[in-house]
Amino acid sequence: MNLDRKKVVVAMSGGVDSSVAALLMKQAGHEVIGITLKLWDAPKDEPQRHTSCCSIEDITDARRVADQIGIPFYVVNSKTQFREQVVDRFVQEYLSGRTPNPCAMCNDKVKFDFLFTKAFELGAYHIATGHYAKKEWDAQKSEWRLLKGQDDRKDQSYFLFSLGQKQLEHTLFPIGGMSKDEVRKIARDAGLKTSEKPDSQEICFVPSGDHGDFIAKYLKGQAPQSGEFVNESGEVLGSHEGIHRYTVGQRRGTQVAQGERVYIKAIDPVTNRITMSENQALFQPVLLANGVRWVRPVADGIEVTARIRHRHEGSPATLRLVEAGRVRVEFHEPQRAISPGQAVVFYLGEECLGGGWIEQGLGN
Amino acid sequence: MIYFDNNSTTPMAPEVAAAVFEASARFGNASSVHGYGREARRLINESRETIARCLKVNEATITFTSGGTESLNAAMLGVFLPLQGPRHLIVSRVEHSAVLKTAEFLESLGVEVSYLGVDAEGRLEADAVEAALKPHTKMIAVMFANNETGNLYPVKRIGESARGRGIPYLCDAVQAVGRFEIDLSLLPIDLLAASAHKFHGPKGVGFLYGRKEVELTPLIHGGRQERGHRAGTENLPGIVGMAKALELAQGRLFEDLRKVSRLRDRLQAGLLEKIPGIEWNGDVEHRVAGTLNFRVTGVSGETLLMNLDMAGIAVSVGAACDSGSLEPSHVLLAMGLDEERALEGVRVSLSRYNTEAEVEEFLRVFPGLVSKIRAAA
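This write-up is about the structure you can find in this document. Bear in mind that the values here come from a model prediction, so they are computed numbers and not experimental data.

**Observations concerning the overall build of chain B**
On a plain count of helices and strands, chain B comes out with 12 helices and 14 strands. Relative to a compact globule of 377 residues, whose C-alpha radius of gyration would be 21 Å, chain B shows 21 Å and is just as compact. Projected onto the principal axes, the alpha-carbon positions of chain B cover approximately 65 × 50 × 40 Å. Here chain B holds 377 residues, and the buried ones make up 51% of them.

**Considering the interface of chain A and chain B**
Between chain A and chain B, the residue contacts involve 14 residues of the former and 16 residues of the latter. Only α2 (56-69), β3 (73-77) and α4 (102-121) of chain A provide two or more residues apiece to the side of chain A that touches chain B. Top element by residues in the side of chain A that touches chain B is β3(A). It accounts for 4 residues. Looking at the side of chain A that touches chain B residue by residue, the class counts come to 9 nonpolar, 2 polar and 3 charged.

**Re the pairing of strand β13 (residues 303-307) of chain A**
Residue and element names in this part refer to chain A. Note: β13 against strand β14 (residues 315-323), 4 bridges, orientation antiparallel. When the sheet's bridge partners are listed, Thr 305 is paired in β14 with Pro 316. Here β13 runs beside strand β16 (residues 343-348); their pairing, made up of 3 bridges, is antiparallel. Directly across from Thr 305, in β16, lies its bridge partner Tyr 347.

**Structural notes on the sheet that holds strand β14 (residues 345-349) of chain B**
All names here are of chain B. A sheet is described by the order of its strands in space; here 3 strands give the open sequence β9-β10-β14, paired in antiparallel fashion. In this open sheet, the two edge strands, each paired with only one partner strand, are β9 (278-280) and β14. Here the strands of the sheet are splayed against their neighbours by 35° on average, with no regard to which way each runs. Alignment of β9 against strand β10 (residues 291-296), held across 3 bridges, turns out to be antiparallel. Paired with Trp 280 across the two strands is Phe 294, which belongs to β10. Lying over the sheet, helix α8 (residues 253-274) contacts β9, β10 and β14, oriented at roughly 10° with respect to β10.

**Digging into helix α1 (residues 16-27) of chain A**
Side chains three or four residues apart in an α-helix point the same way, a direct result of the helix having 3.6 residues per turn. All names here are of chain A. Between the first and last C-alpha of α1 there are 16 Å, a value that for 12 residues agrees with the 16 Å anticipated at 1.5 Å per step. With 10 of 12 residues buried, α1 lies mostly within the body of the structure. Summarising the contacts, the buried residues of α1 are in contact with β1 (4-11), β2 (31-38), α2, β4 (124-128) and α6 (180-189). Remark: Gly 29 follows α1 within two positions and exhibits a positive phi of approximately 95°.

**Side note on the nonpolar core**
A:Val9, A:Val10, A:Ala22, B:Ala75, B:Ile140, B:Cys171 and B:Ala173 are the most contacted members of the largest nonpolar core, which has 218 residues in total. When near neighbours in sequence (up to four residues on either side) are disregarded, B:Ile140 contacts B:Ile90, B:Val129, B:Ile158, B:Ala162, B:Ile167, B:Tyr169 and B:Leu170.

What counts and what doesn't
Residues numbered from 1 in each chain as written. Chains lettered and ligands numbered in written order. Predicted model: local features only at pLDDT ≥ 70, side-chain atom pairs only at ≥ 80, totals over all residues. Helix = DSSP H or I, 4+ residues; strand = E, 2+ residues; numbered from the N terminus. Rg over C-alpha atoms; globule rule 2.2 N^0.38 Å. Buried ≥ 20, exposed ≤ 12 C-beta atoms within 10 Å, placed from the backbone. Contact = placed C-beta atoms within 7 Å. Nonpolar A, V, L, I, M, F, W, Y, C, P; charged D, E, K, R; others polar. Pairing = 2+ DSSP bridges. Axes fitted to C-alpha atoms, helices over the stretch in contact; angles between N-to-C directions. Expected span 1.5 Å × (residues − 1). Core = buried A, V, L, I, M, F, W, Y, C linked by C-beta atoms within 7 Å.

In structure tokens form, the structure reads like this:
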């Protein structure tokens, strides 16, 4: 394969981060090609106030920024893959009583694969994204390391754990060493149309933030029926509105009249029951993860900091490599609400070592 | 830069651009009584006469519109909106979306619609139209030439069976007018839609031919322009430009046809020789001169388009949705290709302004791009 190191495909979402990534690549002298992945069509009845990603507005913004920078721009249709690999699985996970992480799923199964395919077919050696993450060449070991973004509050390495050596070799993170403020300033100074655009907060295909409603609509009346809340001894406490609406660790929305505060401890799709417990019972010292991917190989028994959700600061743990693709994570302190379906991602200081999908929490 | 996407739109002929520019200075409103108005009126009348002469019809049958889409809407809605009771419409599945979406809209108003399929080469026999007829069929719409494959449809036979039953036959001739000999004194077509920018005229202007026997309810209400068929101050520069473009095209029709056919055949032979696994979409025996639709097995058309674009060559793929991303072509799907195959379809469409040198350049660049893409897979 004859790839041109000067050529870069920049994944442009229509947000400020990827706009600046494209600008920086162009300023660095690359031959830049802007691509927006069209992942999803918002349903026609989606209220306009929830602008979702892949909306016409976002794509128009990306296109206008490409015009401003002076690069060719294309919209690539990847709706089928996104629906099958992300949305269908997202729904299926909730129906199985799990809590999926669609952004990590998308990076793992859709976004990067698609971008690499396009980039290579266009003869480009690199893709660049607007992620807050960095990569670093370890000359001694001759391998890439994936690092957290400079801006701690914006770090997105958690979502990138599935990138391997080959992918890192071909990926650039132009804004990984910057703060959000710096990125906005660059956009403003260059007069980019997206400089003041607010950050996206929600899951791109659930702009309202209500995944329960999304699933109910998506399944067109085939969503799970209401069932029972029970306590740990199996006594019925009340009724729930369908297991797809709940998440482990959640307190609000359970409509259970109890003297003490109760939380969701487990969701059983077979019995359609949701087990409630007091907060203390949500803590577990161990988890099992599958589908584990390593940025670079690690040794059994390594001490790491493990993050069990994006907004989890991370906690010290020992990794036991059970078998290929599967690890047992032994935390030094029990962790609250280990949620099957979420990604667990392993760090050594600033370095992201890899991660996998939480199968179950153990102990307690 | 090489422009091989003439079924999307064509470059304006220099003679047309000059006529449009000149007409832009005649700012009078054709409805005004004074000299400025009379001047505008004269130019519009002359333009209508020119177009009528090219198609061999009476000028009263020509209504100026904003283009092909409006002409088709005006014909379909104009026939169906006033009708009550059981109403039936026959369209082919390979019509332009201007027809298909209007048919869907009519369906939502209670019109019964039959969508006629095509075979693997995109062919549709006149017998299939006849077989779909119902006692309450009120319109048949089958295009002259397909925009994606270039296929020609049996317009004469379809028209004859419609005429025999007194059913209006609407022909979308957007890809044919100015590129193909169309003599409406001989063809049994009742309604015909055309668009100027497909024959080297300006954008935003077209016409609808309608025999006076066909009663049309107007779509746009207001002043009495276009004999009450289409309200709104006339697009004078556009109309003058369209007439100029059609006159020009008609005058060199056979010369252009020969040239464009020769270029297309050279392109096809060259591709066949140089690209293993190339296949043709459409009816190779019966198609308009400049269109070549092919697929390179295992190579996405979108990727080819992007690579060609960056090499300065413009072609087209599938159907662009509102975001600009590509959907599989409904025409190729109707021909029985699966989604993946349909997304491999690439359309090259030529015009009189393309040259042999451009075709050779395309044949020089294209095989390298295909190998590069195949190597990346």
